[in-house]
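Listed here are the chains, written in short residue letters.
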2 protein chains.
Amino acid sequence: MRVLGVDPGLTRCGLGVVDGGRGREAGCVAVGVARSPAEDELASRLLAVGDEVERWMDLHQPQVVAIERVFSQHNVRTVMGTAQVSGVVALAAARRDLPVAFHTPSEVKAAISGSGRADKQQVTAMVTKILGLDAAPKPADAADALALAICHLWRAPMMDRLAQAEARAAELARNHRARLKQAQQAARAKTGGTKK
Amino acid sequence: MRVLGVDPGLTRCGLGVVDGGRGREAGCVAVGVARSPAEDELASRLLAVGDEVERWMDLHQPQVVAIERVFSQHNVRTVMGTAQVSGVVALAAARRDLPVAFHTPSEVKAAISGSGRADKQQVTAMVTKILGLDAAPKPADAADALALAICHLWRAPMMDRLAQAEARAAELARNHRARLKQAQQAARAKTGGTKK
């Protein structure tokens, strides 16, 4: 499976393409950032970043896009721009019929380093090691994008199993309710009752 | 000038097209909402709303798009979806070379009703009156979109004048600094000094 990881941002949008192998094997296909000038208007910045992300999708043909889920705990202005970029990226994926998954920063850290509280340096060091890179990917946004892609590779099978288990549990619950209703109707028919 | 006002949202995205006339005259061209099912995945919801907004752009050919500026004072989950929709709408406008303007809710309220703290009902009543509509536009998101479009019509000339004034002030400041520098260099040359 080939994953495009995206760390959304207006000034620097991290992009990382990773191929999954057997087990926990993962290979780096491409890594970089899409940029837009801070002095430009918001709409043209979204266009610049959006166009570059679409170019990456065309060039590297990912099968799924993993985007960092944005939280508003940071600077409000920055977060809004980040959320807008994440919307633009999700839309570009949906237009190409590519599935989109969102992972939180702590899910990414936990998947990569075993701890949801690992710092940026630890995550970058693990990404470099996992992908067998000669040097740490730079800037940090690019490393984060690779971390997201790896996180998705490793979490996706688990998420699929969870979704299947939930679907089966929901079906069992439905069957159970249907049987219960039948039993109640049968009991009412037997006693000749007309309770509502 | 024809303005498309957009009150961004995933469940209901308000859309209102208004034509400006002389002075404060304004006419309603179209009003409605783009919707997406809450149970769908985020990416396909963005696609549904984005496609409908683009259909409106094609159909009504606005010359400018006015979008409500999102603040994160509300529910975090809702705000993220709203910001993502606003990004998608701004991108669609940029792809069509349409200028995009953002106005805050209080700017809209102040423009329409004279008070930044007017409630929704007051704004809707004013929009109905300004546009000479037989009935108040529904739902509230649709009325908000019309209010945004009217706000832009009325604010745009003022914003243009402000931008021109700021540009002139910046030019004057640049000229002043250049003359100051020349005078300092001339003074240094006279005294034969070599101060850094």
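Predicted, not measured: the structure shown is a model, and the values here were computed from it. (Residues numbered from 1 in each chain as written. Chains lettered and ligands numbered in written order. Predicted model: local features only at pLDDT ≥ 70, side-chain atom pairs only at ≥ 80, totals over all residues. Heavy atoms only, no water.)

A.B. asks: Now, about the overall build of chain A: what can you tell me, with residues and values included?
C.D. replies: The helix and strand tally for chain A stands at five helices and five strands. Reading the secondary structure of chain A in the N-to-C direction produces β-β-β-α-β-α-β-α-α-α. Taking 196 residues into account, the globule formula puts the C-alpha radius of gyration at 16 Å, and chain A, at 22 Å, lies well above it. Taken along its principal axes, the extent of the C-alpha atoms in chain A is 80 × 40 × 30 Å. A total of 196 residues make up chain A; the buried ones form 44% of that total. Sequence-distant contacts, at least 24 apart, represent 63% of the contacts inside chain A between residues at least 6 apart. When the accessible surface of chain A is split by element, carbon and sulfur atoms take 51% of a total near 10900 Å². Computed over 27 positive and 20 negative side-chain charges, the inter-centroid distance for chain A is 15 Å. (Helix = DSSP H or I, 4+ residues; strand = E, 2+ residues; numbered from the N terminus. Rg over C-alpha atoms; globule rule 2.2 N^0.38 Å. Buried < 20%, exposed > 50% of the residue type's maximum accessible area, 1.4 Å probe, protein only. Contact = heavy atoms within 4.5 Å. Areas by Shrake-Rupley, 256 points an atom, 1.4 Å probe, with all protein chains shown as cover. Lys, Arg positive; Asp, Glu negative; His and termini not counted. Charge placed at Lys NZ, Arg CZ, Asp CG, Glu CD.)

A.B. asks: Residue-level account of the packing of aromatic side chains, with values.
C.D. replies: Considering all chains together, one arrives at zero aromatic pairs over all chains under this definition. A cation over a ring is seen here: R24 of chain A above W154 of chain A, with NZ or CZ 3.8 Å from the ring centre. (Phe/Tyr/Trp six-rings, centres within 6.5 Å; stacked < 30°, edge-to-face > 60°. Lys NZ or Arg CZ within 6 Å of the ring centre and 35° of its normal.)

A.B. asks: Describe the interface of chain B and chain A, naming the residues involved and giving the relevant values.
C.D. replies: Each partner contributes to the interface: chain B provides 24 residues, whereas chain A provides 23 residues. In total, about 2000 Å² of surface goes out of reach between chain B and chain A, with carbon and sulfur atoms giving 68% of it. Considering only the surface of chain B that becomes buried against chain A, M80, L91 and R95 of chain B emerge as the three largest contributors, covering 24% of it. For E54 of chain B, the salt bridge identified is with R95 of chain A, shortest N-O distance 2.8 Å. Linking chain B with chain A are six residue pairs in polar contact (both at pLDDT 80 or more), by the criterion used here. Elements supplying a minimum of two residues to the side of chain B that touches chain A: α1 (42-60), α2 (76-95) and β5 (100-103) of chain B. Looking at the side of chain B that touches chain A residue by residue, the classes come out as 16 nonpolar, four polar and four charged. (Buried area = accessible area lost by both parts, 1.4 Å probe. Salt bridge = Lys/Arg side-chain N within 4 Å of Asp/Glu carboxyl O. Polar contact = N/O pair within 3.5 Å; in protein donor to acceptor, adjacent residues only side chain to side chain. Nonpolar A, V, L, I, M, F, W, Y, C, P; charged D, E, K, R; others polar.)

A.B. asks: Run through the relation of the copies chain B and chain A, naming residues and quoting values.
C.D. replies: Overlay of chain B on chain A (RMSD 0.3 Å): rotation 179°, translation along the axis 0.1 Å. What the superposition gives is, in effect, a two-fold axis relating one chain to the other. Relative to the rotation axis, the closest C-alpha in chain B is found at Q84 of chain B, a distance of 2.1 Å. Mapped onto chain A, 96% of the interface residues of chain B again fall at the interface, so both copies present the same surface. (Least-squares fit on C-alpha atoms with pLDDT ≥ 70 in both.)

A.B. asks: Before we move on, can you summarise the pairing of strand β3 (residues 26-35) of chain A with the specific residues and values?
C.D. replies: Residues and elements named next belong to chain A. In terms of strand pairing, strand β2 (residues 12-20) meets β3 through nine bridges, oriented antiparallel. If you follow G16 over to β3, its bridge partner there is V31. The antiparallel pairing of β2 with β3 creates a hairpin that spans five residues between the two strands, and G23 there sits at a positive phi of about 55°. (Pairing = 2+ DSSP bridges.)

A.B. asks: Could you give an account of the pairing of strand β1 (residues 2-7) of chain B, with specific residues and numbers?
C.D. replies: All names here are of chain B. Burial of β1 is extensive: five of the six residues sit out of reach of the surface. Between β1 and strand β2 (residues 12-20), which pair antiparallel in sequence order, lie four residues. Both β1 and strand β4 (residues 64-68) contribute to a ladder of four bridges, which runs parallel. Bridge pairing in β4 links V3 to V64.

A.B. asks: Pulling in residues and values, what's your account of the nonpolar core?
C.D. replies: Grouped together as the largest cluster of nonpolar side chains are 56 residues, with contacts concentrated most on V65 of chain A together with V65 of chain B. Look past the residues within four positions of V65 of chain A in its chain and what remains in contact with it is L4, V6, M57, V89, A93, L98, P99, V100 and A101 of chain A. (Core = buried A, V, L, I, M, F, W, Y, C linked by side-chain atoms within 4.5 Å.)

A.B. asks: Can you lay out the UniProt feature "binding site: Mg(2+) 2" (unreviewed entry) in chain A for me, pointing to particular residues and giving the numbers?
C.D. replies: Residues and elements named next belong to chain A. As recorded in UniProt, the sites labelled "binding site: Mg(2+) 2" (unreviewed entry) are E68. Within the secondary structure, E68 sits in strand β4 (residues 64-68). Leaving out residues up to four positions away in the same chain, E68 has contacts with V6, D7, P8, F102, H103, P105 and L148. (UniProt positions renumbered as here; feature names shortened; annotations may be inferred.)

A.B. asks: I'd like a description of the packing of helix α4 (residues 120-130) of chain B against helix α5 (residues 140-191) of chain B, backed by residues and values.
C.D. replies: Residues and elements named next belong to chain B. Contact pair α4 / α5: the axes reach a minimum separation of 9 Å and the direction vectors enclose 65°. Seen from above, α4 lies across α5 with left-handed handedness. Contact with α4, carried on its side by K120, V123, T124, V127 and I130, involves A140, A143, D144, L146, A147, I150 and W154 of α5 and no other residues of that element. Residue composition of the contact of α4 with α5, by class: nine nonpolar, one polar and two charged. (Axes fitted to C-alpha atoms, helices over the stretch in contact; angles between N-to-C directions. Left-handed = near helix turned anticlockwise from the far one by under 90°.)

A.B. asks: Describe in detail the pattern of salt bridges, supporting the description with residues and values.
C.D. replies: Summed over the entire model, instances satisfying the criterion amount to 18 salt bridges over all chains. Put simply, R12 of chain B and D141 of chain B hold a salt bridge, and the shortest N to O gap is 2.9 Å. Of this pair, R12 of chain B sits in strand β2 while D141 of chain B sits in helix α5, and the two are 129 residues apart along the sequence. A relative accessible area of 16% means that D141 of chain B is categorised as buried. The partner of D58 of chain B in a salt bridge is R96 of chain B, with the nearest N and O atoms 2.9 Å apart. Taken together, the residues span a long stretch of sequence, with D58 of chain B in helix α1 and R96 of chain B in the loop between α2 and β5 at a distance of 38 residues. When its relative accessible area of 46% is taken as the criterion, D58 of chain B is described as partly exposed. When salt bridges with common partners are traced through the structure, they connect D51, E54, D58 and R96 of chain A together with R95 of chain B into a single cluster.

A.B. asks: Go over helix α4 (residues 120-130) of chain A, please, and point to the residues and values.
C.D. replies: All names here are of chain A. Of all the positions in α4, only V123, T124, V127 and T128 are classed as buried. Burial along α4 is one-sided: seen end-on, the buried residues are contained in an arc of 135°. Turned more than 90 degrees away from the buried face of α4, the exposed residues are Q121 and K129. In this structure, the buried residues of α4 make contact with α3 (105-113) and α5 (140-191). (Arc of directions from axis to C-beta.)

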